[in-house]
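# Results of the structural survey
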Amino acid sequence: MMLVQYERCVNLRINTMNSSLTHFDTRGQAHMVDIATKPATHRVGIAAGSIEMQPATLAIIESGNSKKGDVLGIARVAAIMAAKKTSELIPLCHPLALTRIAIEFETRAADTKRASSVFCRATVETIGPTGVEMEALTAVQIALLTIYDMCKAIDRAMVITDVKLLEKHGGKSGDFVAG
């Protein structure tokens, strides 16, 4: 009984929300958006984020002397794998044939304004009927989580921060560049 009331409440709230939420039908039920009639166009998604850490942790990453191996190399491969598996992780994402995945890292020493960190930027591309923003965001998150996993034995206080979509290009809604 309580579940039915909850579903009614959620459906009522969703139905009164902005109709641009394309993953809900007219009854408020989640569904995968039909992209069958959308034209295949060149799509690009660029996302970024950082992981903050102790200066000693960053030094180990930069030296390549981690006991688990090349931290950034393994994080790069993990990010690529994650982008390719996004539809398996996020229920309403479409499986896409990705044409390019580029993962860039930049190490940043601590200064008066910020902690030591590794910055990650993922660029994902496809020729298809839907965008690749989720693939780019997933790649960044998994890259940063992999860095955390590989370095947690020496620094459990690392913080993943500022993960966001930087740019989106292609498709009917056009370009987006974060301000």
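Below or above, wherever it landed, is the structure these notes cover.

Turning our eyes to something else, we now look at the overall build of the protein. Regarding its fold elements, the protein presents five helices and five strands. What you see in the protein, going N to C, is helices and strands ordered as α-β-α-α-α-β-β-α-β-β. Taken over 179 residues, the protein has a buried fraction of 35%. The contacts in the protein between residues at least 6 apart in sequence include a share of 68% that link residues at least 24 apart. Total accessible area on the protein stands at roughly 10700 Å², and carbon and sulfur atoms take up 58% of it.

Before going further, it helps to spend a moment on unusual backbone geometry. The phi angle at D162 is positive, at roughly 55 degrees, despite the residue not being glycine. Among the structural elements, D162 can be located in strand β4 (residues 159-169).

A full pass over the atoms with the stated rule returns five salt bridges. Of the charged contacts, one joins E106 and R108 as a salt bridge, the two residues approaching to 3.1 Å between their closest N and O atoms.

Next up on the list: helix α3 (residues 71-84). When the terminal C-alpha atoms of α3 are compared, their 20 Å separation across 14 residues agrees well with the 20 Å that a helix rising 1.5 Å per residue should span. Buried within α3 are the following residues: V71, L72, A75, A78, A79, A82 and A83. End-on, the buried residues of α3 take up no more than an arc of 135 degrees, which puts them together on one face. In the core, the buried residues of α3 are packed alongside α2 (55-63), α4 (86-89), β2 (98-108), β3 (116-128) and α5 (133-151).

Turning to the packing of aromatic side chains, a few remarks are in order. All chains considered together, the criterion is met by zero aromatic pairs. The lysine or arginine in question, R108, covers the ring of F119, its NZ or CZ lying 4.3 Å from the ring centre.

A word on the environment of C151. Assignment of secondary structure puts C151 in helix α5. The exposure class of C151 is buried, given its relative accessible area of 2%. In sequence terms C151 and L58 are 93 residues apart; their C-alpha atoms lie 9.4 Å from each other. C151 has contacts with T57, I61, V71 and M158, leaving out every residue within four places of it along the chain.

The subject of this paragraph is the nonpolar core. Membership of the largest hydrophobic core comes to 27 residues, with the highest contact counts inside it found for M53, I61, I103, F105, V118 and I147. Mapped by element, the contributors of at least two residues to this core are β1 (41-53), α2, α3, β2, β3 and α5. Sort the elements by how many residues they give to this core and α5 lands first, with eight residues. Grouped together as the second largest cluster of nonpolar side chains are five residues, V44, A48, F119 and L166 included.

Let's shift gears to the pairing of β1. The buried fraction of β1 amounts to 10 of the 13 residues, a majority that puts the element mostly inside the structure. Here β1 pairs with β3 via 13 bridges, running antiparallel. Bridged to S50 within β3 is F119. In this structure, β1 lies alongside β4, joined through eight bridges in antiparallel fashion. Looking across to β4, one finds that A47 is bridged to L165.

In this structure, the largest pocket spans a volume of roughly 670 Å³. Every residue lining the largest pocket is counted, 24 residues in all, and those nearest its centre are T22, K38, T130, G131 and E133. Listed by contribution, the elements that provide at least two residues to the lining of the largest pocket are β1, α5 and β4. It is α5 that contributes the most residues to the lining of the largest pocket, four residues altogether.

Parameters at a glance
- Residues numbered from 1 in each chain as written.
- Predicted model: local features only at pLDDT ≥ 70, side-chain atom pairs only at ≥ 80, totals over all residues.
- Heavy atoms only, no water.
- Helix = DSSP H or I, 4+ residues; strand = E, 2+ residues; numbered from the N terminus.
- Buried < 20%, exposed > 50% of the residue type's maximum accessible area, 1.4 Å probe, protein only.
- Contact = heavy atoms within 4.5 Å.
- Areas by Shrake-Rupley, 256 points an atom, 1.4 Å probe, with all protein chains shown as cover.
- Salt bridge = Lys/Arg side-chain N within 4 Å of Asp/Glu carboxyl O.
- Expected span 1.5 Å × (residues − 1).
- Arc of directions from axis to C-beta.
- Phe/Tyr/Trp six-rings, centres within 6.5 Å; stacked < 30°, edge-to-face > 60°.
- Lys NZ or Arg CZ within 6 Å of the ring centre and 35° of its normal.
- Core = buried A, V, L, I, M, F, W, Y, C linked by side-chain atoms within 4.5 Å.
- Pairing = 2+ DSSP bridges.
- 1 Å grid on protein atoms, 1.4 Å probe; cavity = no way out; pocket = protein on both sides within 12 Å on 5 of 7 lines; lining within 4 Å.
- Points joined across faces, edges and corners; volume = space filled by probe spheres on them.

Any link to function would need more than the numbers given here.
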